[in-house]
Amino acid sequence: MSDDDTTAPAPQETSEENRHASWLELFFDLVAVAGVAQIAHLLHGVPDISDLGMYALLFLAFWTAWIVFTLYANVAYENTHVRTVLAAMFGMAVMAAAVPGVHEGDDQHARVFALAYVLIRGLASRAWQHRRQILVDWPAAQMSLGVIPWIVSLWAHDPLRHWLWALGIALDLYVTFAVSARDLVEHQEARERHDDRTARRGSAGRPSLARSQTEHLSERLGLFVLIVLGEGVAQVVAALSDAEWDKQLYMVAVAAFFLLATLWALSFEHGYAGVPHLTAGVLPSRAGLPLHCFVSGCLAALAAALGAAAEHLETLPDATRWLLCSSLAGYFLLSGLAWLGQAGREQRWLLSVALPCCVLPLLLAVFGAHVRTVTVVWLLVLITLWPILYERRATKSSKEAVRATA
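Residues numbered from 1 in each chain as written. Predicted model: local features only at pLDDT ≥ 70, side-chain atom pairs only at ≥ 80, totals over all residues. Heavy atoms only, no water.

A tally of regular secondary structure across the chain gives 14 helices and four strands. When contacts within the chain are restricted to residue pairs at least 6 apart in sequence, long-range pairs at least 24 apart make up 80% of them. (Helix = DSSP H or I, 4+ residues; strand = E, 2+ residues; numbered from the N terminus. Contact = heavy atoms within 4.5 Å.)

The structure is reproduced here in structure tokens:
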């Protein structure tokens, strides 16, 4: 192995179909811990609409930077370039470090954040160009249309800069859903005709199509959701360490733990890749990846709200209560979308489970101004337990029906 072309080795006995996350990929995911923590802190205190908008924008940007290299390592496998991944990891660490300054309106931090994002996307595009592969599952990983507004934003100021970032994210989503595999191949070939270095290779041939390795990708996506749930634990622990311990605090802490544990069960025991009520291989990656992004965003917002709840033991501020309840409602809304995208599922579940779990947290947000904090959190635990209890009851009934007809 040469120093100029370092690649990540894979275990000899592990095939591409049944492999697990490598040490390099796990090391890369550590930066997600720092990034999620920094972005979740934007919702501390009493967040307003502008804080929520900034949170959503920076979370989408950070998740996009993470997923483009997660997909690269997924497809490249043992040919993953270590230096390229480490460079992207450094760039994401810079993005995470710049988040507080971006939130405070610091011009320099905002430019550094945008520059790091642009360089990460450039590294990803170059890596795919070097492999001469077209990633069908997530075209935005290698196309630069969504990066253009970010480049322009280097010379802009707030709030125009933030609108340009939002435009870049929107263009990435457009590319993902509107661009076909044939369009990708034609785009790559046109790009290479203008690349003198590629022209000199001449015999390189037509770019090939690549798809992600499903089980390995689901493991990486699940690890990201675990990181987000872990941030919820960290937020509560940090709040508890600064508070005076009493009976009321204990009850809130136990309720917060039960809520996070129940969300874990929904996302993994009753879901797939961290997305609740999703079944493996049912949705294409183009639909599954956005679901994962939005589910993770809801859970990270809920984690921040739980930390704030541990700091307000009597009653929750209106903004915190709305954040806590609406995050959970959004989580269940996405759960319902995942259910709808799968053929053969009974529609009764939507009315019996998804609809109540979306509506009840919002009703609690509207009418819970004078409800004690511990009561609010325990009510959310009960709401979150309902889908699990419903499915267990449905499974038991179906088994009894089978035994009755046997």
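On inspection of all chains with the given rule, the structure shows 14 aromatic pairs. With a centroid separation of 4.6 Å and an interplanar angle of 45°, the aromatic rings of Trp-66 and Phe-224 are classed as tilted. Within this pair, whereas Trp-66 is found in helix α2 (residues 49-76), its partner Phe-224 is found in helix α9 (residues 214-241), the two being separated by 158 residues in sequence. There is no split in this pair, since Trp-66 and Phe-224 are both buried. Measuring from ring centre to ring centre gives 5.4 Å for Phe-113 and Trp-165, while their planes differ by 35°; the resulting arrangement is tilted. A residue pair is termed long-range when its members are at least 10 positions apart, and Phe-113 in helix α4 (residues 107-131) and Trp-165 in helix α6 (residues 160-178) qualify at 52 residues. Using a relative accessible area of 0% as the deciding quantity, one classes Trp-165 as buried. An aromatic cluster is built from Phe-28, Phe-69, Tyr-72 and Trp-128, whose rings are joined through pairwise contacts. (Phe/Tyr/Trp six-rings, centres within 6.5 Å; stacked < 30°, edge-to-face > 60°. Buried < 20%, exposed > 50% of the residue type's maximum accessible area, 1.4 Å probe, protein only.)

All right, on to the confidence of the model for the chain then. Taken as a whole, the chain shows an average pLDDT of 83; of its residues, 84% reach a score of 70 or greater. Averaged over each element, pLDDT in the chain is lowest for helix α8 (residues 196-201) (50) and highest for helix α5 (residues 148-152) (94). Within the model, the stretch residues 1-14 combines pLDDT values under 50 with 23 contacts to residues more than four positions away or in other chains. (pLDDT = per-residue confidence, 0-100.)

Side chains that carry opposite charge are capable of pairing whenever their charged atoms lie near each other. Inspection of the entire model under this criterion finds eight salt bridges. Its salt-bridge partner being Arg-220, residue Glu-25 comes within 3.2 Å of it at the nearest N-O pair. Here Glu-25 is found in helix α1 (residues 23-40), whereas its partner Arg-220 is found in helix α9, with 195 residues between them in sequence. The residues Glu-25 and Arg-220 share a single accessibility class, namely buried. Arg-372 serves as the salt-bridge partner of Glu-314, at 3.4 Å between the closest nitrogen and oxygen. Of the two residues, Glu-314 sits in the loop between α11 (285-309) and α12 (318-340) while Arg-372 sits in the loop between α13 (348-367) and α14 (373-405), which places them 58 residues apart along the sequence. (Salt bridge = Lys/Arg side-chain N within 4 Å of Asp/Glu carboxyl O.)

With that out of the way, let us pick up the packing of α2 against α9. One can describe the packing of α2 onto α9 by two numbers: an axis separation of 10 Å at closest approach and a directional angle of 150°. Compared by their axis directions, α2 and α9 come out roughly antiparallel. Our pair here, α2 against α9, has a crossing hand that is right-handed. Where α2 abuts α9, its residues Phe-59, Trp-63, Trp-66, Ile-67, Thr-70, Leu-71, Ala-73 and Asn-74 lie against His-216, Leu-217, Arg-220, Leu-221 and Phe-224. Residue composition of the contact of α2 with α9, by class: nine nonpolar, three polar and one charged. (Axes fitted to C-alpha atoms, helices over the stretch in contact; angles between N-to-C directions. Parallel < 35°, antiparallel > 145°, perpendicular 65-115°, else oblique. Left-handed = near helix turned anticlockwise from the far one by under 90°. Nonpolar A, V, L, I, M, F, W, Y, C, P; charged D, E, K, R; others polar.)

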